[in-house]
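Chain by chain, the residues:
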Amino acid sequence: MTGFGTSTHAGVVCEARSVNSRSLDVRLRAPLELGDASLWAEQLTKKRLRRGRVELSIRVEASGAPAPLFQRAKAVAALQAFADVARELGYPERPPLTVLASVPGLFEASGDERATLRSSAEQALAVAL
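Computed from a prediction, not measured in an experiment: that's the story for all the values here.

A few words on the sheet that holds strand β4 (residues 52-60). The four strands lie next to each other as β1-β2-β4-β3, forming an open sheet whose pairing is mixed. Pairing within the sheet leaves two strands with one partner each, and these edge strands are β1 (3-9) and β3 (24-29). Strand-to-strand, the axes of this sheet are offset by a mean angle of 15 degrees, without reference to chain direction. Taken together, the six bridges between β3 and β4 define a ladder with parallel strand orientation.

Right under this line is the structure:
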């Protein structure tokens, strides 16, 4: 029992790969915008499959999906926090902007965009399975 399925819906690409196993073991890779994806993806998989090791991959392609918004206030607050720590530690220079690369969530989708992404991902996953 091995299988592969793929589907694209509104800029969201889902792939499902399975190999034989006695029980159902679901593994998922998904973007941060779909933070709760592991819950609904596993539930959807359990409705369709009974056994096997299933690897699910969900990715958002830039062309069809809504672009995440830059969280400016979060970036400013993070950079200020880095500067405060540097000053407390005796470093005279301000931290470079590159430290913002270590801050999660600076590019996030709004609530409506997340709902749209989830809906597209659910539809694509259903077809891929």
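We now examine a nonpolar patch on the surface. On the surface, Val85, Leu89 and Tyr91 cluster together to form a nonpolar patch covering roughly 340 Å² of accessible area. Of note, Tyr91 is situated in the loop between α2 (72-88) and β6 (107-108). We classify Tyr91 as exposed; its relative accessible area is 55%.

Tracing the chain through its elements places Gln123 in helix α3 (residues 111-128). The spacing of Gln123 and Thr8 is 115 residues in sequence and 8.6 Å in space, taken between C-alpha atoms.

We now examine the pairing of strand β2 (residues 12-19). Of all eight residues that make up β2, six are buried, and the element is covered over most of its length. Across seven bridges, β1 lies against β2 in antiparallel orientation. Within the sheet, the bridge partner assigned to Thr8 lies in β2 and is Val13. Between the end of β1 and the start of β2, which pair antiparallel, lie two residues, with Ala10 showing a positive phi angle near 50 degrees.

Where charged atoms of side chains with opposite charge meet at close range, the side chains can pair. Under the counting rule described, the total for this entry stands at eight salt bridges. Its salt-bridge partner being Glu15, residue Arg17 comes within 3.6 Å of it at the nearest N-O pair. For Arg118, the salt bridge identified is with Glu122, shortest N-O distance 2.8 Å. Of this pair, Arg118 and Glu122 both sit in helix α3, four residues apart, which is roughly one turn of that helix. Classification of Glu122 as partly exposed rests on a relative accessible area of 29%. The structure contains a network of salt bridges with shared partners spanning Glu15, Arg17, Arg59 and Glu61.

The rules behind these values
Residues numbered from 1 in each chain as written. Predicted model: local features only at pLDDT ≥ 70, side-chain atom pairs only at ≥ 80, totals over all residues. Heavy atoms only, no water. Pairing = 2+ DSSP bridges. Helix = DSSP H or I, 4+ residues; strand = E, 2+ residues; numbered from the N terminus. Axes fitted to C-alpha atoms, helices over the stretch in contact; angles between N-to-C directions. Patch = residues over 30% accessible without salt bridge, like charges linked within 9 Å, V, L, I, M, F, W, Y side chains within 5 Å. Areas by Shrake-Rupley, 256 points an atom, 1.4 Å probe, with all protein chains shown as cover. Salt bridge = Lys/Arg side-chain N within 4 Å of Asp/Glu carboxyl O. Buried < 20%, exposed > 50% of the residue type's maximum accessible area, 1.4 Å probe, protein only.

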